[in-house]
Structure formats: structure tokens, C-alpha cells
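Next come the chains, spelled out residue by residue.
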Amino acid sequence: MSRAFYVTTPIYYVNADPHLGHAYGTSLADTLARYHRLAGEETYFLTGSDEHGEKIAEVAASEGTTPQSVADRYSNAFRETWETIGFSFDQFIRTTDPHHCDVVQTILQRIYDAGQIEFREYEGLYCVGCERFLTERDMEGGKCRDHEREPERQKESNYFFKMSEHFEWLAETLEARPDLIRPERYRNEVLGMLRDESGLGDLCISRPKTRLDWGIELPFDSNYVCYVWFDALINYLTGIGYPDGPNFEKYWASAEHVIGKDILKPHAVFWPCMLRAIGLPPYRHLDVTGFWNVEGRKLSKSLGNAVSPLALKERFGFDALRYFLLRDLAFGSDSDFTEAALVRRINADLANNLGNLVSRTLNMTARYAGGTVPEPGPTGPDEQAIAQLAATTAAQVDESVRRCEPHHALECIFALSDAVNRYLEEQAPWKIAKEQADGWEKRVATTLYTSCQALRSLALLLAPFLPETAPVLLERLGIPDALESARLPDDAARWDALAPGTPTQKGAALFPRIEIEKSN
RNA sequence: GGCGGUGUAGCUCAGUCGGUUAGAGCGGCGGCUUCAUAAGCCGUAGGUCGGCAGUUCGAGUCUGCCCACCGCUACCA
């Protein structure tokens, strides 16, 4: 029985166009999905859009249009961008899909029947300008910060999910499963939230329609709609056919959510508690990413420095961009996106190291071996060392990907490429070919054979990270179908899979070097 | 304020259970080489491991205090 793998991106809130941060999270999930597929696991990759809630209603009101049309516009922008880029998601879910709304209502009713939802009257300070209740933080000198007016004391009744009943269980679960939330610092943060109880209580899951009607109606009270987070999180279940889809159990048991650090609390606290109330086990991993700054500044709508993923794809190619994102951001930390750093990374790793290795290997194969993978002569310790390193690298990549450390996986892969460059330098087949001493042809053949095998390993290991480039490389190695039957990590460690006699093609530069521009 | 994190070569960062001369990549500099994308390879950088004190035979690696920056505590990936 093959293993399963289920990965999700956050569902993107439809009040802005896709930017670098969205592209990063989706690239990570896409890479994980591709890796696990190549590892022979039944993989399901879900992304989508989160479309309910006040902010969308506000945007619609300000534009004089309907929330649905705002949601349609941005949801399409995300879906089309992701399709253009070529992400390998299996489904693009929308929280306004009728099926999703049905599932949300089913779950609400079930939790309600189980006594996990309570109707409570709430009295607080309501700001007419904000159209919401204020907390102390929203006020200064007794007035709303935004509107500088005194809020009114109002009563409102709402439904609350008795979330706090699950906190003890959640804390124990986090203690028992150190890799549930990773990197570890975010797990610690969540434990902190649970410990000091600052502000964390039961979760208000309703909004009266008099205030907000853009949401899913509560099945047990048509005067209310569901709080947007409660609705949104459930997409992760809807997407794989909850409650009775044939694959639901299989996928849910291997669920892995990729999120940004800004939405840690809903995913690390609300969601596990909700799942427990629903009667489901928690997800397997929550992978929390850091943020990208741009040229030293925070990514922000008001600064207008949001970087369009499509524009970057146009200029640099998506494989290169994605490589930079996954390589340069230590998983979990923040990092700075600069064009200078991007160009440096592309040139140093993709052009000089990998791309040039491909060029020189395939060029020499054409020149000294008639354009086919040569029949090797006897191998020595140098060849065995390369083969050994490929095997080690495959194992390291597997481990790193499973720990959600893409930067480390890539570091290992490029160390292999680096080692092959050095190996070539030591063997110097061009020199041997020139001197033509006894048996020179066999020696050159052995060297080129070894390099070609290494390129094959590199292409397989890179396939999840560079989905456009890896197939090109495999094609040049004369094995265009290699990915169809490949199994990572073991196949990347095989050293006999590229048969002598296989025709190779030199081709153009895989990643042309980018010359320094004075654009900024 | 509270909780947490970070501070290691010019830049980005690794540094497991404390132990010989503190590492990598990039950049810079010098040399070699020409199969290759002016790419590659070799050598080099002498950094008080934020500061002070302590524990120890011995601390970047543990303890305390201090300084700086950052995150969370408030539904922007």
C-alpha cells in the first residue's frame, strides 16, 4: 500500500492581487507536492481562496459592487496566476463554492448538537464607524483610534465555540508531538499563547446579519452568518471530500498545511480545537513560513512595493525565482528580497555551478564520445566517491524535504554539482584527449560516464524544485521519460540507470548568466 | 509590560551531548586552466563568536546581569 500525502497552501484572502509572499508559500507547497509524488506517494495538493468576511464586504461597498463580484475578480486573479506559473495543484477551492458552504453548515450543526456551541449575550463598546466592537487596544482616551469618536455601549448576542475546553488537550498534544508545528519557535509561541491565556478564550463564531451578511448562514439561526475563520479553515476538509469522500481518511491522516506566520493562531489554536470538536485528529504538520521583505522594506499594500510573481517570471523565469525563494529563505525566518541577491543566486548556483556543469559535460560528451553516453572503463576511487556522494545527497534531500527544510535540501544538491565540477577538473578529460596516451579513450569515457550519471541524479533531485528545467536536462541526457517512472530518493542514487549509448544533446545554456544591470 | 527569538569573517548564515589550530556559500584578492555560460579549479580573508561576570581542567556551545535588534501578545502569505 502506497503512502499518501496531502498538502495545502493557505487559502488566499481575496482583497488583493497575488504577490511575492503568496508565490513563496505556494512554491513551497508545490515543491513538497512534487517531491512526494516523485516519492511514489498518492499526493493531493490543495490551494484556493478565502472569500467571506467583513473586509470583502467593505471593498464591495466602497466600489459599489457586490461581495461576490469582488471575490470573483480576485479569486480568478489567484487561480489564473497560479495556472500561468504552472503550480501543480489538484484543486483550487473557493469558500463560496456551494459544496463548501454545505460542509460548513453540516459541521456547525454537528458541533452545535454536540453542545460545543453556546449562545451568549455580549456587551461592549461598539464603534459605528468601524461597525464593530472595540477592544481596549482599539481605543485611546476612550475614543476609537480610527474614527476619534466615542463608542456606544451596546449589547449583542452571539454564538461561541467552546474552544477553551480543548486547550489542555492541545497543550499536551503539542508537548507530545514536537514536530506538529515547525519550526520549533512557532510551537513555543503557541504553547505561550495557551499558557498565559491572554485574550484566548472561547471563539465567537457568528456575526449578526444586521452587521454583516457576507458569509455562510448558521444552520440553527438564520439571523447570523459564520465567522470567516471558522468557515475558511474547513476548506482543508472540504477539499478532500469530507465527510464521506472515498479518499478523505487516507489524505487527512497525512495532512500538511503550509502557512505564513501571520496566521499562526487560527491554524495552531482554532483549527486543532475545531477538529477535535468535529471528531478528527489534528493535521500531521503545520509548516510556518517567515515573511519576505522587499529591498529592506516590509511588503505592504500602502507602500506599493508588492512584487508581482508574473512580472518576475517574465524577467527571470519561474524556476530561477522559485529557486531563489526556496534557497535563500531559511525556512521559518524572515528574509529580504532584492534583485541583487536574486541575480547573485542565479549566477552563482544556477548558471555557474549547475548550468555550466551541464554545458561542459554535454559538450565534451559530444566532442569526445560521439554524442552518446559512453561505455565506461574501470572505475576508481574518484568515480566511486561521486557515486557515493550522489547516494548520500539523495538521502539528505529526502530527509530535508520531509522536515520542510528546502533551503537545506538545495544546499546539498548543489554540493553534489560542485563536487562533479571539481571531479572534472581533477580528471581533466580535455587534457587526456589532447595528449592521447595509451587507453586515453577509456579514461575519458569513464569520466564522462560518471558526469552524465551525476547529471541524471541531479536532474531527478532537482525536479521538485525546478519543474521546468529538470525535464529539459533529462531530455538532453536522452531519457525524457525518466520522471514518469522515477522514485525518489532511491532512483537518484542509482548509478546504472543511464545506459551507455544513450544519445545526448548539448543544447543551449540552461540558465544564462544574468549580466549586472544598473536598473536600481 | 509579558512571552519568545536573534546578535559568529565585508554580506547571508552553519555550528550537534561544552573539548585539539571557530566553519560554509557569496563577494574581494592572487594564481592555474581552457572542456564550459569571461564559467571552472587552487590558495587567501587572520573574525576579542554583542558586552561583562561566573561555573568548569576547558565555553561560540551552560548560568546571571547588561546592550542592540526583532517577533508575538491585535483576523494582512
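Keep in mind that what you see is a predicted model, and the values were worked out from it rather than measured.

## Side note on helix 10 (residues 264-278)
Reasoning step 1: Taking 1.5 Å of rise per residue, the 15 residues of helix 10 would be expected to cover 21 Å, and the 20 Å separating its terminal C-alpha atoms lies within 8% of that figure.
Reasoning step 2: Taken as a whole, helix 10 carries its principal kink of about 30° at Phe 270; the proline Pro 272 stands between one and four residues after it.
Reasoning step 3: Counting buried positions along helix 10 gives 13 out of 15 residues, so the element sits mostly inside the fold.
Reasoning step 4: Just beyond helix 10, the residue with positive phi is Gly 279, at close to 100°.

## Some points on the protein's contact with RNA strand B
Reasoning step 1: Within the structure, RNA strand B sits among 43 residues, and Gly 260, Gly 355, Asn 356, Arg 360 and Glu 425 are positioned closest to it.
Reasoning step 2: Protein-proximal atoms of RNA strand B, defined as those within 4 Å of the protein, fall in sugar or phosphate at a share of 68%.
Reasoning step 3: Between RNA strand B and Asn 352 there is a distance of 3.2 Å, counted from a sugar or linking oxygen to a backbone nitrogen or oxygen.
Reasoning step 4: Within the side chain of Arg 367, a nitrogen or oxygen atom sits 3.2 Å from a phosphate oxygen of RNA strand B.
Reasoning step 5: Listing elements by their share of the surface near RNA strand B, those giving two or more residues are strand 1 (4-13), helix 1 (20-38), strand 14 (255-260), helix 13 (339-369) and helix 15 (406-427).
Reasoning step 6: Considering each element in turn, the surface near RNA strand B owes the most residues, 12 residues, to helix 13.
Reasoning step 7: Each residue belonging to the surface near RNA strand B can be placed in one class, and the counts come to 19 nonpolar, 12 polar and 12 charged.

## Quick look at the pattern of salt bridges
Reasoning step 1: Applying the stated criterion to the full structure yields 33 salt bridges.
Reasoning step 2: The salt bridge partner of Lys 162 is Glu 118, with a shortest N-O separation of 3.6 Å. Highlighted residues: Lys 162 in the loop between strand 8 (152-161) and helix 5 (167-176) and Glu 118 in strand 4 (residues 117-127), separated in sequence by 44 residues.
Reasoning step 3: Across the salt bridge formed by Glu 425 and Arg 360, the nearest N and O atoms sit 3.1 Å from each other. Residue Glu 425 is found in helix 15, and its partner Arg 360 is found in helix 13; the two are separated by 65 residues along the sequence.
Reasoning step 4: Under the relative-accessibility criterion, Glu 425 is labelled partly exposed at 47%.

## Quick look at the domain arrangement of chain A
Reasoning step 1: On domain assignment, one finds that chain A holds domain 1 (4-336) and domain 2 (345-493).
Reasoning step 2: Each of domain 1 and domain 2 has a C-alpha centre, and the two are 42 Å apart.
Reasoning step 3: Looking at the side of domain 1 facing domain 2, the largest losses of area belong to Tyr 35, Leu 38 and Tyr 323, adding up to 33% of the total buried there.
Reasoning step 4: Here domain 1 is connected to domain 2 by three salt bridges.
Reasoning step 5: One salt bridge connects Glu 468 with Lys 313, and the closest N-O pair in it is separated by 3.6 Å.
Reasoning step 6: Run the count over domain 1 and domain 2 and you get 12 residue pairs in polar contact (both at pLDDT 80 or more).
Reasoning step 7: Elements supplying a minimum of two residues to the side of domain 1 that touches domain 2: helix 1, helix 11 (309-316) and helix 12 (318-328).
Reasoning step 8: Among the elements that take part in the side of domain 1 that touches domain 2, helix 12 stands out by supplying nine residues, more than any other.
Reasoning step 9: Considering only residue class, the side of domain 1 that touches domain 2 consists of 15 nonpolar, three polar and nine charged.

About the criteria used
Residues numbered from 1 in each chain as written. Chains lettered and ligands numbered in written order. Predicted model: local features only at pLDDT ≥ 70, side-chain atom pairs only at ≥ 80, totals over all residues. Heavy atoms only, no water. Helix = DSSP H or I, 4+ residues; strand = E, 2+ residues; numbered from the N terminus. Expected span 1.5 Å × (residues − 1). Bend = angle between axes of the 7 residues up to and from the residue. Buried < 20%, exposed > 50% of the residue type's maximum accessible area, 1.4 Å probe, protein only. Near = heavy atom within 4 Å. Polar contact = N/O pair within 3.5 Å; in protein donor to acceptor, adjacent residues only side chain to side chain. Nonpolar A, V, L, I, M, F, W, Y, C, P; charged D, E, K, R; others polar. Salt bridge = Lys/Arg side-chain N within 4 Å of Asp/Glu carboxyl O. Domains from an automatic or database assignment. Buried area = accessible area lost by both parts, 1.4 Å probe.

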